[in-house]
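Results of the structural survey
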Amino acid sequence: NFLLCPGDNDWNECADYDIDSNTDPLREDWRSKFANDPQFEQFSMDFPGGGKPNISRKVGNPEIFHFEYNKVAVFGLNYINGQTFANNRSPVDPNEEFVEDTLSNSSCELESIVILSHTWPDETLYNKLTEYFDRCDKDLPTITVTGNTHPIVYCMTEENERIDVTVEAFRSGPVLISIVRDPNGVHGDFVHIEDPDTTESNSQCPDL
């Protein structure tokens, strides 16, 4: 199972990118290969716990996606480093609109939320999560995974129930991120991150 979020190298830094439009030949080529192609429309393999969740994509912006599995909501968003139509010219942020519409139709059974994006979402995006938390009268653990910052060391930051992590640390290999649920149903979900960095570059990180 493999899903992609666009980044600046394959989006707004390409020749003939039209910042005043939601589409151009290059973006449609990306979307046809990595969003609308059958292998990216649905998962091909069962998840470890069994079953394959349905993937929903935003109409007009199929690079923005969502799926839910075992009460965990996962959003893949179009926040990209640099100037883009979606982030700087669109009258409505398609990411916020998609998250708001999706959560407004979701029950209050979610236990955690995962956000995947090239760069950090706008704070107003998290306001849409807060609206869901307020409606359901609970704060959910939320992890945001990005890849644009290219830090020398691999560190996480934490604010309230939210953890931010980059997966492009200079000395780090692929990072395995898992959502672990309290089997007793008391303490909710936890985030477990396995860092394969053998040089221990994250020894300089503050404890969370």
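Up top you'll find the structure we're talking about.
The paragraphs below set out a description of the structure included in this document. All figures in this text were calculated on a predicted structure; none of them were measured in a lab.

What follows concerns the packing of helix α4 (residues 94-104) against helix α5 (residues 123-136). Where α4 contacts α5, the axes come no closer than 9 Å and their chain directions differ by 10°. Here α4 lies roughly parallel to α5, going by the angle between them. Here α4 contributes N95, E96, V99, E100, L103 and S104 to the contact with α5, which in turn contributes T124, L125, K128, L129, E131, Y132 and R135. Within the contact of α4 with α5, the residues separate by chemical class into five nonpolar, three polar and five charged.

What follows concerns the state of the cysteines. Taken as a whole and judged by the stated rule, the model has one disulfide. The residue that forms a disulfide with C108 is C136, at a sulfur-sulfur distance of 2.1 Å. Its torsion about the S-S bond being -80°, the disulfide of C108 and C136 is classed as left-handed. Placement of C108 in the loop between α4 and β4 (112-116) and of C136 in helix α5 is noted, with a sequence separation of 28 residues between them. Taking relative accessible area as the criterion, C108 reaches 33% and is therefore assigned partly exposed. By relative accessible area, C136 is classed as buried at 12%.

Moving on, we get to the pairing of β4. Within β4, four of the five residues are buried, which leaves the element mostly enclosed by the surrounding structure. What joins β4 to strand β5 (residues 142-146) is α5, and the crossover it makes is right-handed.

Approximately 1500 Å³ is the volume attributed to the largest pocket. Lining the largest pocket are 42 residues, and of these F67, V74, V114, L116 and I177 sit closest to its centre. Elements with a contribution of two residues or more to the lining of the largest pocket: β2 (61-69), β3 (72-76), β4, β5 and β8 (176-181). Per-class residue counts for the lining of the largest pocket are 24 nonpolar, twelve polar and six charged.

This structure, assessed with the given rule, holds nine salt bridges. A salt bridge links D29 to K33, with the nearest nitrogen and oxygen atoms 2.5 Å apart. Within this pair, D29 and its partner K33 are both found in helix α1 (residues 25-34), separated by four residues, close to a single helical turn. Since its relative accessible area comes to 38%, D29 is described here as partly exposed. If you follow the salt bridges from partner to partner, you end up with E28, R31 and E63 in one network.

Our focus in this paragraph is the nonpolar core. Within the largest apolar cluster, 18 residues are counted, with the highest numbers of intra-cluster contacts made by F75, L77, I113 and L129. For this core, the element with the highest residue contribution is α5, accounting for six residues. What I113 contacts, discounting residues up to four positions off in sequence, is A73, F75, L129, F133, L140, P141, T142 and I143. Ranked by size, the runner-up nonpolar core spans 14 residues in total, among them F47, F67, I163 and V175.

Reading the values: rules and limits
Residues numbered from 1 in each chain as written. Predicted model: local features only at pLDDT ≥ 70, side-chain atom pairs only at ≥ 80, totals over all residues. Heavy atoms only, no water. Axes fitted to C-alpha atoms, helices over the stretch in contact; angles between N-to-C directions. Helix = DSSP H or I, 4+ residues; strand = E, 2+ residues; numbered from the N terminus. Parallel < 35°, antiparallel > 145°, perpendicular 65-115°, else oblique. Contact = heavy atoms within 4.5 Å. Nonpolar A, V, L, I, M, F, W, Y, C, P; charged D, E, K, R; others polar. Disulfide = S-S within 2.5 Å. Buried < 20%, exposed > 50% of the residue type's maximum accessible area, 1.4 Å probe, protein only. Right-handed = clockwise from strand over helix to strand, strands pointing away. 1 Å grid on protein atoms, 1.4 Å probe; cavity = no way out; pocket = protein on both sides within 12 Å on 5 of 7 lines; lining within 4 Å. Points joined across faces, edges and corners; volume = space filled by probe spheres on them. Salt bridge = Lys/Arg side-chain N within 4 Å of Asp/Glu carboxyl O. Core = buried A, V, L, I, M, F, W, Y, C linked by side-chain atoms within 4.5 Å.

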